[in-house]
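# Commentary on secondary and tertiary structure
As a plain string of letters, each chain reads:
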Amino acid sequence: MPKKTPIIAFLLLAWLAPLSAQTAIKENAIKENDQVAVRAGRLFDGKSDRLSTDQVILIRADRITDVGPAGVRVIDLSHATVLPGLIDAHTHVFGNGPDLEMQILRDSWQYRTLTALANAQKDMMVGFTTLRDLKTLGAMYSDVDLRNAIDHGVVQGPRMQVATRGIQTTGGFIMRGYSSEVPVPTALEVVDSPWAARQAVREQVAHGADLIKLYAAYDFTFDANGKMVIPPTFTLEEVQAIVDEGHGKGRKVSCHAFGGEGLHHCLDAGVDSIEHGVVLDDSAIKKMLDKGIYLVPTLYHYQLDKEHDQKKFAGHSVAEASEPSFRKAVARGVKIAFGSGAGPFPHGSQTKEFEYMVKFGMTPAQAIRAATSVASELMGWQDRVGTLEVGKFADLVAVSGDPLSDITELERVKFVMKGGQVIRNDLK
């Protein structure tokens, strides 16, 4: 008989490792009656264009209370720049790289939920203490369980709003290249009429959706002149039904659309945000301004795909279309929230988005506000996150340098606190 002692020891260590990690996190938590002061050498509060110096943030439990008196425990970040916890308003934590079809076909919902937790934690470790996650990519309502486990303290992770399944029409976001005789799963819920659309919204809200995500345009090509051709998926009446039902249930509605008729259907119906908005004509921008609709641009993703697009579309790319539209939106004053689209590319690497937001027309302060106060307003969470103000959650990040001078400082976050718990501190 082989000895079992090494196996038992290994299993015991595997069981104890996550417990020790959770213990370390709990030891960094602020107890209910404790006060902690964070001394910030420089402070960006999420509202202004400038840094304040020599500031102290007083925290009790998980909330910011005021400037702290002497005698409380101090976390000394006096040689750093402190900012509100960052918000990524467009993530896919259930995505693990570009081979999405194989993930859906191969991996169970349970396994994908575990990887989603790992992805959410990667995002949090680089400063994103809040995520707006836009569909489970075939894992049904698993994002609701993940959100709830985080909220209940079962696992550590960022605050989350989740969209559950997402909504499409027949022939939209589907797996191609399989025999029609082979049933394959779908990444989104399929509806083909206004009443079916209303039913889908009702089902998703009943299962815990914080917001509704629809795909108003999916496929695209380029014509001979390099112009993107983007056919719609839904009819205007179907989009109107989704928006009306969602808003009636107190849920905001997010619209995936690169451009074209599908994007205008969403604008006319009054969605809350346009995801991507790669081709924004003057009419679209006017509608966004008139209705206060947010743009969530996901610029970095297209830069990563640029070479692949050029090979596929005879030298053309989504990146070349998205830059001028983004510049125009910035110049005209469209409300822009930070969103990366992380999932097809690695979680925890999306801070690169800031560089392209600034490169394509934003000031560093505008880009930071897009990931703090503006994103919190898009989510309807401006009363709890997005700025460093009394009564809000003690979600803080810190970097060594000055991100208003060099936005790439946000690619090197050294300190993360969520709700008064120190998640990461490389500034000791």
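Please refer to the structure placed before this passage.
A short tour of the structure in this document, coming up. (Residues numbered from 1 in each chain as written. Predicted model: local features only at pLDDT ≥ 70, side-chain atom pairs only at ≥ 80, totals over all residues. Heavy atoms only, no water.)

### Re the overall build of the protein chain
- Of regular secondary structure, the protein chain possesses 14 helices and 18 strands.
- The C-alpha radius of gyration computed for the protein chain amounts to 22 Å, which stays within 12% of the reference 22 Å derived for 428 residues, consistent with globular compactness.
- C-alpha atoms of the protein chain, sized along the principal axes, occupy 70 × 65 × 45 Å.
- For the protein chain, the proportion of its 428 residues judged to be buried stands at 54%.
- Across the protein chain, every contact between residues at least 6 apart in sequence was considered, and the portion connecting residues at least 24 apart equals 69%.
- Accessible area for the protein chain stands at about 18600 Å²; split by element, carbon and sulfur atoms hold 53% of it.
- Computed over 47 positive and 52 negative side-chain charges, the separation of the two mean positions in the protein chain equals 4 Å. (Helix = DSSP H or I, 4+ residues; strand = E, 2+ residues; numbered from the N terminus. Rg over C-alpha atoms; globule rule 2.2 N^0.38 Å. Buried < 20%, exposed > 50% of the residue type's maximum accessible area, 1.4 Å probe, protein only. Contact = heavy atoms within 4.5 Å. Areas by Shrake-Rupley, 256 points an atom, 1.4 Å probe, with all protein chains shown as cover. Lys, Arg positive; Asp, Glu negative; His and termini not counted. Charge placed at Lys NZ, Arg CZ, Asp CG, Glu CD.)

### Quick look at the sheet that holds strand β2 (residues 52-60)
- The seven strands are arranged β3-β2-β1-β4-β16-β17-β18 in an open sheet whose pairing can be described as mixed. Each of the sheet's edge strands pairs with one partner strand only, and the pair in question is β3 (63-66) and β18 (421-425). Sheet twist, expressed as the mean angle between neighbouring strand axes with direction ignored, is 35°.
- Pairing between β2 and β3: three bridges, direction antiparallel. Residue pairing in the sheet places Ile59 in a bridge with Ile64 of β3. (Pairing = 2+ DSSP bridges. Axes fitted to C-alpha atoms, helices over the stretch in contact; angles between N-to-C directions.)

### Brief notes about the pattern of salt bridges
- Following the criterion strictly, the structure yields 24 salt bridges and no others.
- In this structure, the salt-bridge partner of Asp62 is Arg63, at a minimum N-O distance of 3.8 Å.
- Across the salt bridge formed by Arg384 and Asp383, the nearest N and O atoms sit 3.4 Å from each other.
- Looking at Asp383, the relative accessible area reads 48%, which means it is partly exposed.
- Taken together, the shared-partner salt bridges connect Arg198, Arg202, Asp244, Glu245 and Lys249 into one network. (Salt bridge = Lys/Arg side-chain N within 4 Å of Asp/Glu carboxyl O.)

### Overview of the packing of helix α6 (residues 236-248) against helix α7 (residues 260-269)
- The geometry of α6 relative to α7 is characterised by a closest axis approach of 9 Å and an angle of 45° between their N-to-C directions. By the angle class used here, α6 and α7 are oblique. Along this stretch, α6 crosses α7, giving a crossing that reads as right-handed. Every residue of α7 that contacts α6 at Leu236, Val239, Gln240 and Val243 is listed here: His265, Cys266, Asp268 and Ala269.
- Across the contact of α6 with α7, the residue classes tally to five nonpolar, two polar and one charged. (Parallel < 35°, antiparallel > 145°, perpendicular 65-115°, else oblique. Left-handed = near helix turned anticlockwise from the far one by under 90°. Nonpolar A, V, L, I, M, F, W, Y, C, P; charged D, E, K, R; others polar.)

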